[in-house]
Amino acid sequence: KIKSPKQLQKIISLKKKRVVFTNGCFDILHKGHVTYLEKAKKLGNVLIVALNSDTSIQRLKGPSRPINLLEDRLEVIAALESVDYVTWFEQDTPIELIYILRPQILVKGGDWAIDKMVGSKEVAEWGGKVRCIEYVQGKSTTATIKKAKMSLNQK
């Protein structure tokens, strides 16, 4: 299930299926992620999850992140039943990967406005759909890290 962007481009070009694409850090997997990915999968036939590389996360979230390295995050996401393929990107956004894969459906969590989603304009231009999936309140990697730090500080 773990494929390089180039491998995935070949695989997707051979499939005549409704491809759903999403991306993110997926640093510490939690219920919000799992629920989100299950709902995303139901929007099409093939779900591709693209993960930010470690250096990309550091640029976006700071030097203390990621908690889990890309190799580990790829394995964890690939183990989910709802995920068909998992890949990665080095840039701060997945726009290059979106152009390469040309998904029919682009998905992000409900905490994203459609007009702020990277690739939303491009996917709509080639006839694809852009969807937001309801955000699971209180479930985030940042919240999990805060809770862990509080727990450690109480000891």
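Computed from a predicted structure; not experimentally measured. (Residues numbered from 1 in each chain as written. Predicted model: local features only at pLDDT ≥ 70, side-chain atom pairs only at ≥ 80, totals over all residues. Heavy atoms only, no water.)

**Remarks on the overall build of the chain**
Helix and strand counts for the chain stand at seven helices and five strands. Since a compact globule built from 155 residues should have a radius of gyration of about 15 Å, the 15 Å found for the chain is in line with a globular shape. Considered along the principal axes of its C-alpha atoms, the chain spans approximately 55 × 30 × 30 Å. Long-range pairs, those at least 24 residues apart, make up 72% of the contacts in the chain between residues at least 6 apart in sequence. Total accessible area on the chain stands at roughly 8,900 Å², and carbon and sulfur atoms take up 52% of it. Distance between charge centres in the chain, computed from 27 positive and 16 negative side chains, equals 4 Å. (Helix = DSSP H or I, 4+ residues; strand = E, 2+ residues; numbered from the N terminus. Rg over C-alpha atoms; globule rule 2.2 N^0.38 Å. Contact = heavy atoms within 4.5 Å. Areas by Shrake-Rupley, 256 points an atom, 1.4 Å probe, with all protein chains shown as cover. Lys, Arg positive; Asp, Glu negative; His and termini not counted. Charge placed at Lys NZ, Arg CZ, Asp CG, Glu CD.)

**Some points on the environment of Gly32**
The residue Gly32 is located in helix H2 (residues 31-41) in this model. Judged by relative accessible area, Gly32 falls into the buried class, the value being 10%. Residues Gly32 and Gln58 lie 26 residues apart in sequence; the distance between their C-alpha atoms is 22 Å. (Buried < 20%, exposed > 50% of the residue type's maximum accessible area, 1.4 Å probe, protein only.)

**Concerning the environment of Lys16**
Secondary-structure assignment places Lys16 in the loop between helix H1 (5-14) and strand S1 (19-24). The sequence separation of Lys16 and Phe89 amounts to 73 residues, and the corresponding C-alpha distance is 24 Å.

**Looking at the pairing of S1**
Counting buried positions along S1 gives six out of six residues, so the element sits mostly inside the fold. Across the two faces of S1 the burial is the same, with Val19, Phe21 and Asn23 and Val20, Thr22 and Gly24 all buried. For the segment spanning S1, H2 and strand S2 (residues 46-52), crossover handedness is right-handed. (Right-handed = clockwise from strand over helix to strand, strands pointing away.)

**Details of the pattern of salt bridges**
Side chains carrying opposite charge are able to pair once their charged atoms draw close together. Taken as a whole and assessed by the stated rule, the structure comprises four salt bridges. Taking the shortest distance from any N to any O, the salt bridge between Lys41 and Asp84 comes out at 2.4 Å. Taken together, the positions of Lys41 in helix H2 and Asp84 in the loop between helix H4 (70-78) and strand S3 (85-89) put the pair 43 residues apart, joining distant regions of the chain. Overall, Lys41 belongs to the partly exposed group, its relative accessible area being 22%. Take Asp84: its relative accessible area is 22%, and that puts it in the partly exposed class. One salt bridge connects Arg73 with Asp54, and the closest N-O pair in it is separated by 2.8 Å. Note that Arg73 is positioned in helix H4 and Asp54 in helix H3 (residues 54-61), a separation of 19 residues in sequence. (Salt bridge = Lys/Arg side-chain N within 4 Å of Asp/Glu carboxyl O.)

**Comments concerning H4**
For H4, the complete set of buried residues consists of Leu70, Arg73, Leu74, Ile77 and Ala78. Looking straight down H4, one finds that the buried residues subtend no more than 130° of arc, so they occupy a single side. Looking at the buried residues of H4, the elements they touch are H2, S2, H3 and S3. (Arc of directions from axis to C-beta.)

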